[in-house]
Amino acid sequence: MAAAPPTLVLIGAGRMGAALVRGWLKGKSRREIAVIEPRPSEEVSAWAGDGKIILNPPPAPAAILVLGVKPQQFAGIAETARGFVSSKTLAVSIMAGVRIAQLSRRLETSRVIRAMPNTPGSIGQGVTVFSAAPGLAAADLDAATALLAPLGDVHGPVDESLMSAVTALSGSGPAYLFLLAETMAQAGEAEGLPRALAQRLARRTIEGAAALMAASADDPESLRRAVTSPGGTTQAALDILMDTGGMPRLLRDALRAAAARDRQLSKEAD
């Protein structure tokens, strides 16, 4: 007698896909998990060796299919992915730029959810926003929320027209903070600090400020004002950062460019 097909299939076990699997394995659900990954990491191979997942099984319809490959790879794996889809399959994509209509057309199903996580999800501290195809049942939305919860906070469903802005803000956002830490350290070094100390101070300052913001009921603007004494050193720095061509303008331009690239990826996915 043939074994029953896995109830949950993940295609693509990179950083985000692997983070999802870690969360699923820690959960109380005992559903069978399959991972499709031609070049599995040592961690993924170890899961398979321990019998925690099934690695690269032949296609068979699953209850839930998660697509975790790069958007540029979607067209190439769509035919394989369709082998895991039936009329009862819920397909969840975490690929940037691939629209619900494109997912539905290539997977030949209307039961589709498009999600955008971010890299802090790899340690369970991320945020994911999702949009859903019209007509999905509340149970499908609940299933998607539970499925994405190992990555951190989950928000949705939102209108799909917002997803490019979501991608630009939270999807790409961690890179902006990493750049801030990088440039703060470089600026400190330029003022005479030893490189290692400058890097440590920049990193811990951002980590501490983020922790303070997470613990506070105040909004970021209020927190900024609280640390800014009129005529003081912080005010002198903010006069530069908040100038006409400063950080507010740069970030608006940066997010606009990221959102435009997300829309371009949508066109390329056709």
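Parameters and conventions
Residues numbered from 1 in each chain as written. Predicted model: local features only at pLDDT ≥ 70, side-chain atom pairs only at ≥ 80, totals over all residues. Heavy atoms only, no water. Helix = DSSP H or I, 4+ residues; strand = E, 2+ residues; numbered from the N terminus. Buried < 20%, exposed > 50% of the residue type's maximum accessible area, 1.4 Å probe, protein only. Areas by Shrake-Rupley, 256 points an atom, 1.4 Å probe, with all protein chains shown as cover. 1 Å grid on protein atoms, 1.4 Å probe; cavity = no way out; pocket = protein on both sides within 12 Å on 5 of 7 lines; lining within 4 Å. Points joined across faces, edges and corners; volume = space filled by probe spheres on them. Nonpolar A, V, L, I, M, F, W, Y, C, P; charged D, E, K, R; others polar. Expected span 1.5 Å × (residues − 1). Arc of directions from axis to C-beta. Contact = heavy atoms within 4.5 Å. Axes fitted to C-alpha atoms, helices over the stretch in contact; angles between N-to-C directions. Parallel < 35°, antiparallel > 145°, perpendicular 65-115°, else oblique. Left-handed = near helix turned anticlockwise from the far one by under 90°. Salt bridge = Lys/Arg side-chain N within 4 Å of Asp/Glu carboxyl O. Pairing = 2+ DSSP bridges.

## A closer look at the overall build of the chain
Thinking step 1. In terms of helices and strands, the chain carries 11 helices and eight strands.
Thinking step 2. Referenced to the eigenvectors of the C-alpha coordinate spread, the extents of the chain come out at roughly 75 × 40 × 35 Å.
Thinking step 3. By residue count, 36% of the 270 residues in the chain fall in the buried class.
Thinking step 4. Put simply, the chain shows about 15200 Å² of open surface, and 57% of that area lies on carbon and sulfur atoms.

## Section: the layout of surface pockets
To locate leftover empty space, one rolls a probe as large as a water molecule over the atoms.
Thinking step 1. Considering only enclosed or pocket space, the second largest pocket measures out at about 830 Å³ in volume.
Thinking step 2. As for the second largest pocket, its lining consists of 32 residues, and the residues nearest its centre are Gly68, Val69, Lys70, Pro71 and Ile94.
Thinking step 3. By residue number, the principal contributor to the lining of the second largest pocket is helix H11 (residues 247–268), which donates four residues.
Thinking step 4. Considering only residue class, the lining of the second largest pocket consists of 15 nonpolar, 11 polar and six charged.

## Section: H11
Thinking step 1. Between its first and last C-alpha atoms H11 spans 31 Å; for 22 residues at 1.5 Å apiece the expected length is 32 Å, and the two agree.
Thinking step 2. Among the residues making up H11, those that are buried are Ala259, Asp262, Leu265 and Ser266. The buried residues of H11 all sit within an arc of 110° when viewed along its axis, so they share a single face. Within H11, the exposed residues directed more than 90 degrees away from the buried face are Leu250, Arg256 and Lys267.
Thinking step 3. As for H11, its buried residues are in contact with helix H4 (100–107), strand E6 (112–116) and helix H6 (163–171).

## Observations concerning the packing of helix H7 (residues 173–190) against helix H8 (residues 195–215)
Thinking step 1. Between H7 and H8, the shortest axis-to-axis distance is 8 Å and the interhelical angle comes to 140°. Here H8 runs oblique to H7, going by the angle between their axes. For the pair H7 and H8, the sense of crossing is right-handed. Facing H7, whose interface residues are Leu177, Leu180, Ala181, Met184, Ala185, Gly188 and Glu189, H8 presents Arg195, Ala198, Gln199, Ala202, Thr205 and Ile206.

## Focus on the pattern of salt bridges
Thinking step 1. If you walk through the whole model with that rule in mind, you get 10 salt bridges.
Thinking step 2. In this structure, the salt-bridge partner of Arg22 is Glu43, at a minimum N-O distance of 2.8 Å. Residue Arg22 is located in helix H1 (residues 15–26), and its partner Glu43 is located in helix H2 (residues 42–49); the two are separated by 21 residues in the primary sequence.
Thinking step 3. With relative accessibility at 29%, the residue Glu43 sits in the partly exposed group.
Thinking step 4. Among the salt bridges present, the one from Arg111 reaches Asp140, with a minimum N-O distance of 2.4 Å. With Arg111 in the loop between H4 and E6 and Asp140 in helix H5 (residues 138–148), this pair connects stretches of sequence that are 29 residues apart.

## Concerning the sheet that holds strand E1 (residues 8–11)
Thinking step 1. Spatially, E3-E2-E1-E4-E5-E6-E7-E8 is the arrangement adopted by the eight strands of the open sheet, whose pairing is mixed. Both outer strands of the open sheet, strand E3 (54–55) and strand E8 (152–155), are each paired with one neighbouring strand and no more.

## Brief notes about the pairing of E1
Thinking step 1. Residues Leu8 and Leu10 point to one face of E1 and Val9 and Ile11 to the other, with burial holding for every one of them.
Thinking step 2. For E1 and strand E4 (residues 64–67), the ladder comprises four bridges, and the chain directions are parallel. Across the sheet, residue Val9 finds its bridge partner in E4, namely Leu65.

## A few points about H8
Thinking step 1. In this model, H8 (21 residues) spans 30 Å end to end at C-alpha, consistent with the 30 Å of a helix rising 1.5 Å per residue.
Thinking step 2. Ala198, Ala202 and Ile206 are the residues of H8 that are buried. What you see down the axis of H8 is that its buried residues fit within an arc of 60°, all on one side. Exposed residues pointing more than 90 degrees away from the buried face of H8 are listed as Ala196, Arg203, Leu212, Ala214 and Ala215.

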